[in-house]
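Residues per chain are reported as follows:
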Amino acid sequence: MNDTMKEVERNVMFAKAGGNASKNAYTCRISLPMDAIKALGVTPDDRSVTLTIEENKVVIAKATES
């Protein structure tokens, strides 16, 4: 974590999935602070990110164009 970012705690939001999902299906979300989004360089026009699970941690990185 760089010097400009601080550690923050967030709750995972669970919501029942709709559509053709099974009746026990959920969708999950986590709200991220705007400072974190800006640090990644994510904008409304360029919002693709990559999620990786590494050693019990979720790593969010700006997606690279291929």
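What counts as what
Residues numbered from 1 in each chain as written. Predicted model: local features only at pLDDT ≥ 70, side-chain atom pairs only at ≥ 80, totals over all residues. Heavy atoms only, no water. Helix = DSSP H or I, 4+ residues; strand = E, 2+ residues; numbered from the N terminus. Rg over C-alpha atoms; globule rule 2.2 N^0.38 Å. Buried < 20%, exposed > 50% of the residue type's maximum accessible area, 1.4 Å probe, protein only. Lys, Arg positive; Asp, Glu negative; His and termini not counted. Charge placed at Lys NZ, Arg CZ, Asp CG, Glu CD. Salt bridge = Lys/Arg side-chain N within 4 Å of Asp/Glu carboxyl O. Phe/Tyr/Trp six-rings, centres within 6.5 Å; stacked < 30°, edge-to-face > 60°.

Looking now at the overall build of the chain. Each helix and strand in the chain was counted, giving one helix and four strands. Helices and strands in the chain line up, N terminus first, as β-β-α-β-β. Compactness check: the chain gives a C-alpha radius of gyration of 15 Å against a globular reference of 11 Å for 66 residues, more than 25% above the reference. Along the longest, intermediate and shortest principal axes, the C-alpha atoms of the chain span 45 × 30 × 25 Å. Buried positions account for 6% of the 66 residues belonging to the chain. Each charge class in the chain can be summarised by its mean position, and for the 9 positive and 9 negative side chains these summaries are 12 Å apart.

Let us now look at the pattern of salt bridges. Tallied over the entire structure, the rule returns one salt bridge. Note that Asp-46 and Lys-62 form a salt bridge whose closest N and O atoms lie 2.6 Å from each other. Taken together, the positions of Asp-46 in the loop between helix 1 (34-40) and strand 3 (49-54) and Lys-62 in strand 4 (residues 57-62) put the pair 16 residues apart, joining distant regions of the chain. The class of Asp-46 is partly exposed, set by a relative accessible area of 38%. Since its relative accessible area comes to 24%, Lys-62 is described here as partly exposed.

Let's shift gears to the packing of aromatic side chains. Geometrically, a pair of aromatic rings is defined through the distance of the ring centres and the angle of the planes. Scanning the entire structure with this criterion turns up one aromatic pair. Centroid distance Phe-14 to Tyr-26: 6.3 Å. Interplanar angle 85°. Geometry classified as edge-to-face. On the criterion of sequence distance, the pair formed by Phe-14 in strand 1 (residues 13-16) and Tyr-26 in strand 2 (residues 26-29) is long-range, its members being 12 residues apart.

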